Each structure stands twice: as C-alpha cells, then as structure tokens.
Amino acid sequence: MNNLEQTLSIIKPDAVERNLENEIKEMFKIKGFSILKEKKIQIEKSEAEKFYKVHETKPFYNDLCDYLSSGPIVVMVLEKSNAILGNRELMGATNPKDAAEGTIRKKYGISIDKNSVHGSDSVENAKIEIDFFFKD
Ligand code: IDP
Ligand code: MG
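Residues numbered from 1 in each chain as written. Chains lettered and ligands numbered in written order. Predicted model: local features only at pLDDT ≥ 70, side-chain atom pairs only at ≥ 80, totals over all residues. Heavy atoms only, no water.

1. What about the sheet that holds strand 4 (residues 117-119)?
Right, so step 1: As summarised here, the arrangement of the 4 strands in space is 2-3-1-4, forming an open sheet in which the pairing is antiparallel. The open sheet is flanked by strand 2 (34-41) and strand 4, the only strands paired with a single partner. Pairs of neighbouring strands in the sheet enclose a mean axial angle of 20°, with direction left out of account.
Right, so step 2: As defined by bridge partners, strand 1 (residues 4-11) adjoins strand 4 across 3 bridges and the pair is classed as antiparallel. Residue Ile-10 lies in a different strand from strand 4, and its bridge partner there is His-118.
Right, so step 3: Relative to strand 3 (residues 73-81), helix 2 (residues 21-30) is tilted by about 10°, and along the sheet it contacts strand 1, strand 2, strand 3 and strand 4.
Right, so step 4: Together, strand 1, strand 2, strand 3 and strand 4 form the strand contacts of helix 7 (residues 123-134), whose direction differs from that of strand 1 by roughly 55°. (Pairing = 2+ DSSP bridges. Helix = DSSP H or I, 4+ residues; strand = E, 2+ residues; numbered from the N terminus. Axes fitted to C-alpha atoms, helices over the stretch in contact; angles between N-to-C directions. Contact = heavy atoms within 4.5 Å.)

Take a look at the structure:
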C-alpha cells in the first residue's frame, strides 16, 4: 500500500546542542524517509506557546515552551509511505526510559523533557505543523 504522507519532525535543542543532527537525519534516511525541507532556527517563546497550544493546560507547558525556545532546533518535512506513524515508531515513546531499542529517543533521549525529537501525531496535525514552520 502506498500512502505517501508528509510529517513534521523537529530535532530539539538537547540534540542540536550535542551535535546529533547528522546522526538523527541518518536514522530517518536509513528508514526510507526523504527530507523534503529543512531549516535550523531558534524560535521565540511566544512561537513555542503557539506550537504547543494543545498542551496549554498541562503542568509542564511553561517548561516545555521555555525549553523548545532555549536554543537552535532543526525543523524538517519528512516524506514516506505512512510517514506519520513511521516517524512516531522511529522516535519511540515520549519518555526515553520507555522507548524501544533502536528508536531515536532510546538512543539519544536524556529525559521526558529532553527527548531529542518531535513528530506530528496525526494527518491533521502534520498539515498544521508543516504550515506553522514552512508556510511562505
Ligand atoms: P510526544 O512528543 O511524544 O508527542 P506529547 O505528549 O505530545 O509527547 O508531549 C509533548 C512534549 O512535552 C514531549 O515530547 C515532552 O518533551 C514533553 N512532555 C510530555 N509529558 C511530559 C511530562 O510529564 N513532563 C515533562 N515534559 C513532558
Ligand atoms: Mg505530541
């Protein structure tokens, strides 16, 4: 079945800071993802608040937005058949402690907040998130 999808991936500040950008991109490529667009940026806290608005009632929301805006990130549009689920699988569980062997978060994640990568969780959110960073 060929269900070509695009998803938004972010290499978060903890991973960029440790120079893991190329290793993580390599993991995407090995799994067959094409990186259609990418840019390294640093966002304002107000932009992080918009991006993570779905989590605004959570106790960790403020820290999460501080964190995502704390340093450079790499945002990418990834494409592959069933890219959204495939990326979630390759990323692993939100808490690196629970992430399966071979996943990005298992390999590189430090903690539940410094978990190295973001990935869209649905077709609808992938569109919203890709537009958020790449609408021009
Ligand atoms: P996801 O990144 O696996 O989709 P979400 O539940 O959407 O996980 O949460 C967004 C981000 O918020 C996570 O990647 C993580 O960095 C952070 N986060 C989630 N749950 C917690 C928590 O319980 N404490 C601190 N940070 C959290
Ligand atoms: Mg999420």
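2. A look at the environment of Gln-42
Right, so step 1: Tracing the backbone through its elements, the reader meets Gln-42 in the loop between strand 2 and helix 3 (45-51).
Right, so step 2: With relative accessibility at 49%, the residue Gln-42 sits in the partly exposed group.
Right, so step 3: Between the C-alpha atoms of Gln-42 and Ile-73, which are 31 residues apart in sequence, the distance is 6.0 Å.
Right, so step 4: For Gln-42, the side chain forms a polar contact with the main-chain oxygen of Ser-69, separated by 3.1 Å. (Buried < 20%, exposed > 50% of the residue type's maximum accessible area, 1.4 Å probe, protein only. Polar contact = N/O pair within 3.5 Å; in protein donor to acceptor, adjacent residues only side chain to side chain.)

3. Some words on the site of ligand 1
Right, so step 1: Neighbouring ligand 1 are Lys-12, His-55, Phe-60, Leu-64, Arg-88, Thr-94, Arg-105, Ile-112, Asp-113 and Asn-115.
Right, so step 2: One nitrogen or oxygen atom from the side chain of His-55 is found 2.9 Å from an oxygen atom belonging to ligand 1.
Right, so step 3: Bound to the protein, ligand 1 loses 77% of the 520 Å² it would expose on its own.
Right, so step 4: The residue makeup of the shell around ligand 1, split by class, is 3 nonpolar, 3 polar and 4 charged. (Near = heavy atom within 4 Å. Areas by Shrake-Rupley, 256 points an atom, 1.4 Å probe, with all protein chains shown as cover. Nonpolar A, V, L, I, M, F, W, Y, C, P; charged D, E, K, R; others polar.)

4. A closer look at the pairing of strand 1
Right, so step 1: With respect to burial, strand 1 is a largely interior element, 6 of its 8 residues being buried.
Right, so step 2: Note that strand 1 and strand 3 share 8 bridges and pair antiparallel. Bridge assignment links Leu-8 to a residue of strand 3, and that residue is Val-77.

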